[in-house]
Amino acid sequence: MEAPQYIAARVQRALAEDGRTHELGIRVDVRNDQLFLRGQVTGDRHRAAIGQVAREAAPGLDVHNEIQVVDATAPGEEEHLD
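Under an unreviewed UniProt entry, the chain has the name BON domain-containing protein and belongs to Nonomuraea typhae.

Below, the structure is given as structure tokens:
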């Protein structure tokens, strides 16, 4: 079996280069036949696309998409620096 760090690097490269994701901020961990995706994105559709790209880049591994969807609405109040 391919070394876990090579699988993780291949998945991270796929997430960065794939037109569906263009994602650099996701952590990819591989343990045995398990692949874990961790990080934060701003929408469910983007989260799902990341999971799909990871499955395609690492066929045969069980992908655990633990990415959190965060609200990226406008900030509440201005920050004043004195």
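So that's the structure; there's more coming.
### Some remarks on the overall build of the chain
A tally of helices and strands in the chain yields 2 helices and 5 strands. In the chain, which comprises 82 residues, the proportion classed as buried is 32%. Residue pairs at least 24 apart in sequence account for 55% of intrachain contacts in the chain once pairs closer than 6 positions are excluded. Carbon and sulfur atoms provide 46% of the accessible area of the chain, an area that totals close to 5,700 Å².

### Here's the deal with unusual backbone geometry
Backbone geometry at His-22 places phi at a positive 45°, although glycine is not the residue there. Positionally, His-22 belongs in the loop between helix H1 (4-17) and strand E1 (27-31). Among the residues examined, His-22 registers a relative accessible area of 54% and is labelled exposed. A positive phi angle is found at Asn-32, which is not glycine, with a value near 55°. Take Asn-32: it is sitting in the loop between E1 and strand E2 (34-38).

### Points about the environment of Gly-25
Turning to its location among the elements, Gly-25 is positioned in the loop between H1 and E1. The class of Gly-25 is exposed, set by a relative accessible area of 53%. For the pair Gly-25 and Arg-38, spaced 13 residues apart in the sequence, the C-alpha separation amounts to 8.9 Å. Aside from chain neighbours lying at most four places away, what touches Gly-25 is Arg-38 and Gly-39.

### Description of the environment of Gly-43
Along the polypeptide, Gly-43 turns up in the loop between strand E3 (40-41) and helix H2 (44-57). Each C-alpha atom of the pair Gly-43 and Val-70 lies 7.2 Å from the other, and the pair is 27 residues apart in sequence.

### Brief notes about the pairing of E1
Only one face of E1 is covered, namely the one carrying Val-28 and Val-30; the face carrying Arg-27, Asp-29 and Arg-31 has none of its residues buried. Summarising the sheet, E1 and E2 pair through 5 bridges and their orientation is antiparallel. Note on E2: the bridge partner recorded for Val-28 is Leu-37. Taking the residues between adjacent antiparallel strands as the criterion, E1 and E2 are bridged by 2 residues, where Asn-32 takes a positive phi near 55°.

Thresholds, definitions, all that
- Residues numbered from 1 in each chain as written.
- Predicted model: local features only at pLDDT ≥ 70, side-chain atom pairs only at ≥ 80, totals over all residues.
- Heavy atoms only, no water.
- Helix = DSSP H or I, 4+ residues; strand = E, 2+ residues; numbered from the N terminus.
- Buried < 20%, exposed > 50% of the residue type's maximum accessible area, 1.4 Å probe, protein only.
- Contact = heavy atoms within 4.5 Å.
- Areas by Shrake-Rupley, 256 points an atom, 1.4 Å probe, with all protein chains shown as cover.
- Pairing = 2+ DSSP bridges.

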